[in-house]
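Coordinate analysis (summary)
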Amino acid sequence: MGILKSGVYRIVSWPGELVPEARVLTAGENGVTVTAPGAAPEREQEFSVEVREDGLAAIQIPARLFPSRSLSFKEAEKGERVILGPVSDFPTREWKITPAPQKPHPAPFRIGVADDEESLMMAISPKLIFPPEIELAPSNWDLQNCWAFLPVERD
């Protein structure tokens, strides 16, 4: 399966037992959340993913504009909300994108905190908030905590 390639993606949560439908990562006025496909403008659901050879990646929005903002957080702690960093964030927050050991299609990936000894990852918050927020959670390989990166193609 290998390392994810740089490109523009729609990042979709992997459906699980608790949430049988996939939801799309969205960066809008409510912060970084997940919404149903088509429930937000496309520009809020298209992310530029810049992957280095070592597998670390910046996930930025808007996808085709500079300057852009990257997915970030204040402190690498369990329950910390994933937020959009400031436009001027430098260096850009990086994530460790790792293929899941399961092999369904499209390939699921875990989005983990780079340089984190506690192995935190990006996950949908279990808090009963709408739309659901994204937060840092302890690392695990449950597919419900994985993400599919669906390439966005433009004419």
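Residues numbered from 1 in each chain as written. Predicted model: local features only at pLDDT ≥ 70, side-chain atom pairs only at ≥ 80, totals over all residues. Heavy atoms only, no water.

A look at the overall build of the chain
Regarding its fold elements, the chain presents zero helices and twelve strands. What you see in the chain, going N to C, is helices and strands ordered as β-β-β-β-β-β-β-β-β-β-β-β. Here the chain, with 155 residues, has 47% of them falling under the buried criterion. When contacts within the chain are restricted to residue pairs at least 6 apart in sequence, long-range pairs at least 24 apart make up 53% of them. Carbon and sulfur atoms form 53% of the exposed surface of the chain, whose accessible area is close to 8700 Å². (Helix = DSSP H or I, 4+ residues; strand = E, 2+ residues; numbered from the N terminus. Buried < 20%, exposed > 50% of the residue type's maximum accessible area, 1.4 Å probe, protein only. Contact = heavy atoms within 4.5 Å. Areas by Shrake-Rupley, 256 points an atom, 1.4 Å probe, with all protein chains shown as cover.)

With respect to the pattern of salt bridges
Overall, the coordinates contain five salt bridges when judged by the stated rule. Taking the shortest distance from any N to any O, the salt bridge between Asp-54 and Arg-52 comes out at 2.6 Å. Of the residues examined, Arg-52 reaches a relative accessible area of 39% and is grouped as partly exposed. Several salt bridges share partner residues, and in doing so they unite Arg-52, Asp-54 and Glu-94 into one network. (Salt bridge = Lys/Arg side-chain N within 4 Å of Asp/Glu carboxyl O.)

Quick notes on the environment of Ile-61
For Ile-61, the position within the fold is in strand E5 (residues 56-61). Discounting chain neighbours no more than four positions away, the residues touching Ile-61 are Ala-27, Arg-43, Glu-44, Gln-45, Glu-46, Phe-47, Ser-68, Arg-69 and Leu-84.

Notes on the layout of surface pockets
Considered as a void within the structure, the second largest pocket measures approximately 240 Å³ in volume. Surrounding the second largest pocket, 17 residues form its lining, Asn-30, Thr-35, Ala-39, Ala-40 and Pro-131 being those nearest its centre. Only strand E2 (24-28) and strand E3 (31-35) provide two or more residues apiece to the lining of the second largest pocket. With four residues, E3 is the single largest residue contributor to the lining of the second largest pocket. Among the residues forming the lining of the second largest pocket, the class breakdown is eight nonpolar, six polar and three charged. (1 Å grid on protein atoms, 1.4 Å probe; cavity = no way out; pocket = protein on both sides within 12 Å on 5 of 7 lines; lining within 4 Å. Points joined across faces, edges and corners; volume = space filled by probe spheres on them. Nonpolar A, V, L, I, M, F, W, Y, C, P; charged D, E, K, R; others polar.)

Comments concerning unusual backbone geometry
Look at the link from Phe-130 to Pro-131: it is a cis peptide, with omega at -5°. Note that Pro-131 resides in the loop between strand E10 (120-124) and strand E11 (134-138).

Concerning the nonpolar core
Membership of the largest hydrophobic core comes to 29 residues, with the highest contact counts inside it found for Leu-71, Trp-95, Trp-147 and Phe-149. Sequence-distant contacts of Leu-71, defined by excluding residues within four places in its chain, comprise Leu-25, Val-32, Phe-47, Ile-59, Val-82, Ile-83, Leu-84, Arg-93, Trp-95 and Met-122. (Core = buried A, V, L, I, M, F, W, Y, C linked by side-chain atoms within 4.5 Å.)

Side note on the environment of Val-49
Summarising the element assignment, Val-49 is placed in strand E4 (residues 47-51). Each C-alpha atom, one on Val-49 and one on Arg-10, is 10.0 Å from the other, the two residues being 39 residues apart in sequence. Each residue touching Val-49, except ones within four places of it in the same chain, is listed here: Leu-4, Ser-6, Gly-7, Tyr-9, Ala-57, Ala-58, Ile-59, Ile-97 and Phe-149.

A look at the packing of aromatic side chains
Here the structure, examined in full by the defined rule, presents three aromatic pairs. Between the aromatic rings of Tyr-9 and Phe-149, the centroid separation amounts to 5.6 Å while the plane-to-plane angle is 85°, which identifies the pairing as edge-to-face. Of this pair, Tyr-9 sits in strand E1 (residues 7-13) while Phe-149 sits in strand E12 (residues 147-151), and the two are 140 residues apart along the sequence. No difference in accessibility class separates Tyr-9 from Phe-149, as the two residues are buried. Judged by centre distance (5.5 Å) and plane angle (70°), the ring pair of Phe-73 and Trp-95 falls under edge-to-face. (Phe/Tyr/Trp six-rings, centres within 6.5 Å; stacked < 30°, edge-to-face > 60°.)

These figures capture arrangement, not role.
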